[in-house]
Amino acid sequence: MTAQKSAHSHTVEKIGGTSMSRVTELLQPLFRVDNPDYNRIFVVSAFGGITDLLLEHKKTGEAGVYAHFADETEDHGWHGALSRVEAAMREAQEAVLDHPADRAEARDFLRERIEGARSCLIDLQRLCSYGHFRLSEHMGKTRELLSGLGEAHSAFVTTALLRRHNVDARLIDLSGWRDDREMTLEERILDGLADVSFSKEMPIVTGYAQCSEGLMAEFDRGYSEVTFSQIAALTGAREAIIHKEFHLSSADPKLVGAENVRKLGHTNYDVADQLANMGMEAIHPTAAKALRQAEVALRVTNAFEPEDPGTLIDEAPAEQGVAEMVTGLETYAVELFEQDMVGVKGYDAATLDLLKRHNIRIVSKVTNANTITHYVDAPLSRVREFEKDLGKRYPNAEINVRATAIASVIGRDLRGLHVLERGLGALREATIDVISAHQTTRTVDAQFVISRDDFEKTVKVLHDTFMGRADNKPIRKVA
């Protein structure tokens, strides 16, 4: 998709779910309701926790409406799950809206969407009770339908809130609710924004967009950032901005101490991709690609500190070798050992196929003559299912699953910093046993695999080594 270049001076700005739950605190600092600043398109996520209830919990895997419906529980557990979502949505909107008329309209909107979805799922379940139809064939569309409920709700409530504060806000619902037109993502976006006057209106756009490509099939929970980036690219935005409830910093302040972290301030899309791989997304990699191709810079800000410019992400290289962040995530190491692997092709391809089939994300991997180890990010239950199928595929192999973690030192250019050497030395002095360590030739990150119990300590040691303590000075290239 190519961006439509223009002389527009508008920005496209995204608000995440956690910040959305505090939207009333953003009325003046972000939306500037006392003196509305238009030429700003806002793309909103669902209120915090709602998508977890609609689908499944992102971290724990606890079943939501979708998971219950997919399991076809005999007691129709999805009905109760949908009612719980409705209650949570109502609680969220009542916390945001205080005018009786706004509350009444929001209740009507919510009831229409929830009951419409309930009727749809009942009809689908009834249809699939006949032998010619399989529920599994419709689960992709079901997931899309449920996802759209969260963003449509938050966009409606936010629009009502802003209008009550004399802002000419306009709801742009891209969820395709009761719209029988077949559209690509580009067509859906351009249709929704076709007659919007950016200089006179403030569009509040749903993060989910129904389209023929099927956003969730490819991007799953990253769909809102894809929508956001495509809007910025298609409309020729001056800048794309993501508002979070924290600054993009050199490490998690809870792990290394708030007095020791520093705001990044400026980095590039290479670093953003590495952060995404470590589960700390500044932006989804596909969304970043769209912005890069459209030559739109991304800014990540703290929504509650509007006077701070945040961190700019563009294509600029580092002036000299510098470490910018230490981060990481908990993983599972899945080790496949097969003596007959030496010189035989196909082991890696078959393993990758099974990982894809089980929807398991690979963070990193290492291989030697007879061993392939994948470090993966997925619930243990899913990893065990994969392990079982891998054992069936290679019955003579030894397969081991181990709880691990990866800590990564990331920077636009790590050349000259001797990251592996210094990192291993610092961890050895801290009596931390390193299972594996590696760095690619692109020199934008170095990874240290450790026992999960050592994860927090490892991040702190590496941050102290490469970022210093409380002096706010980056560690520069070693002479």
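Everything numeric in this text was worked out from a predicted model, so none of it was measured.

Enquirer: In this structure, what is going on with the packing of helix α7 (residues 185–192) against helix α9 (residues 223–234)? I would like to understand it.
Expert: Two quantities define a packed helix pair, namely the angle between the helix axes and the distance between the axes. One can describe the packing of α7 onto α9 by two numbers: an axis separation of 10 Å at closest approach and a directional angle of 65°. As summarised for this structure, α7 and α9 are arranged roughly perpendicular, according to the angle between their axes. Considering how the two elements wind past one another, α7 and α9 form a crossing that is right-handed. Each of L185, E186, I189 and L190 in α7 lies in contact with α9, whose residues at this interface are V226, T227, Q230, I231 and L234. Looking at the contact of α7 with α9 residue by residue, the class counts come to six nonpolar, two polar and one charged.

Enquirer: Would you mind going over the pairing of strand β10 (residues 361–367) with me for this structure?
Expert: Across six bridges, β10 lies against strand β11 (residues 371–377) in antiparallel orientation. Paired with T367 across the bridge in β11 is I372. The turn joining β10 and β11, which pair antiparallel and follow one another in sequence, is formed by three residues.

Enquirer: Just to check I follow, could you spell out helix α5 (residues 100–127) for this structure?
Expert: The periodicity of an α-helix, 3.6 residues per turn, causes residues three or four places apart in sequence to face the same way. Along its 28 residues, α5 runs 40 Å from first to last C-alpha, staying within 8% of the 40 Å computed at 1.5 Å per residue. Among all positions in α5, only D102, A106, F109, L110, R113, I114, G116, A117, R118, L121, L124 and Q125 are buried. Against the buried residues of α5 lie α3 (65–71), α4 (77–96) and α6 (139–164).

Enquirer: Please explain the confidence of the model for the chain as it appears in this structure.
Expert: Reading fine detail from the predicted coordinates is not recommended where pLDDT is low. The pLDDT averaged across the chain works out to 90; a share of 95% of its residues lies at or above 70. Considering only residues more than four positions removed or in separate chains, one finds that residues 1–7, a stretch of pLDDT under 50, has 15 contacts. With pLDDT under 50 throughout, residues 471–479 is counted as low confidence; its partners more than four residues away or in other chains account for 27 contacts.

Enquirer: Got a minute to help me understand the pairing of strand β3 (residues 169–172) in this structure?
Expert: In summary, the side chains of a regular strand alternate between the two faces of the sheet. The pairing of β3 with strand β4 (residues 202–206) spans four bridges and is classified as parallel. For A169, the partnering residue across the bridge sits in β4 and is M202. Between β3 and its parallel partner β4, the chain crosses via α7, and the hand of that crossover is right-handed.

Enquirer: Whenever I open this one, helix α13 (residues 347–357) confuses me. Can you help?
Expert: Those residues of α13 lying buried are Y347, A350, T351, L354 and L355. One face of α13 carries all of its buried residues, which in axial projection span an arc of 140°. The exposed residues of α13 that point more than 90 degrees off its buried face are A349, K356 and R357. Considering only its buried residues, α13 is in contact with β9 (325–337), β10, β11 and α14 (380–393).

Enquirer: What is the right way to read the packing of α13 against α14 from this model?
Expert: With their axes 10 Å apart at the nearest point, α13 and α14 run at an angle of 145° to one another. Every pair of crossing elements has a handedness; the one defined by α13 and α14 is right-handed. Judged by residue contacts, A350, T351, L354 and L355 of α13 engage F386, D389, L390 and R393 from α14. Taken together, the residues that form the contact of α13 with α14 break down as five nonpolar, one polar and two charged.

Enquirer: I tried to follow the sheet that holds strand β12 (residues 398–410) on my own but got confused; where do I start?
Expert: Consider a sheet: its strands pair through backbone hydrogen bonds, and that pairing is either parallel or antiparallel. The six strands lie next to each other as β10-β11-β9-β12-β14-β13, forming an open sheet whose pairing is antiparallel. Of all strands in the sheet, those with a lone pairing partner are β10 and β13 (434–439), marking the two edges. Going across the sheet, the axis of each strand differs from the next one's by a mean of 30°, ignoring polarity. Direction of pairing for β13 relative to strand β14 (residues 445–451): antiparallel, over a ladder of five bridges.

How each quantity is defined
- Residues numbered from 1 in each chain as written.
- Predicted model: local features only at pLDDT ≥ 70, side-chain atom pairs only at ≥ 80, totals over all residues.
- Heavy atoms only, no water.
- Axes fitted to C-alpha atoms, helices over the stretch in contact; angles between N-to-C directions.
- Helix = DSSP H or I, 4+ residues; strand = E, 2+ residues; numbered from the N terminus.
- Parallel < 35°, antiparallel > 145°, perpendicular 65-115°, else oblique.
- Left-handed = near helix turned anticlockwise from the far one by under 90°.
- Contact = heavy atoms within 4.5 Å.
- Nonpolar A, V, L, I, M, F, W, Y, C, P; charged D, E, K, R; others polar.
- Pairing = 2+ DSSP bridges.
- Expected span 1.5 Å × (residues − 1).
- Buried < 20%, exposed > 50% of the residue type's maximum accessible area, 1.4 Å probe, protein only.
- pLDDT = per-residue confidence, 0-100.
- Right-handed = clockwise from strand over helix to strand, strands pointing away.
- Arc of directions from axis to C-beta.

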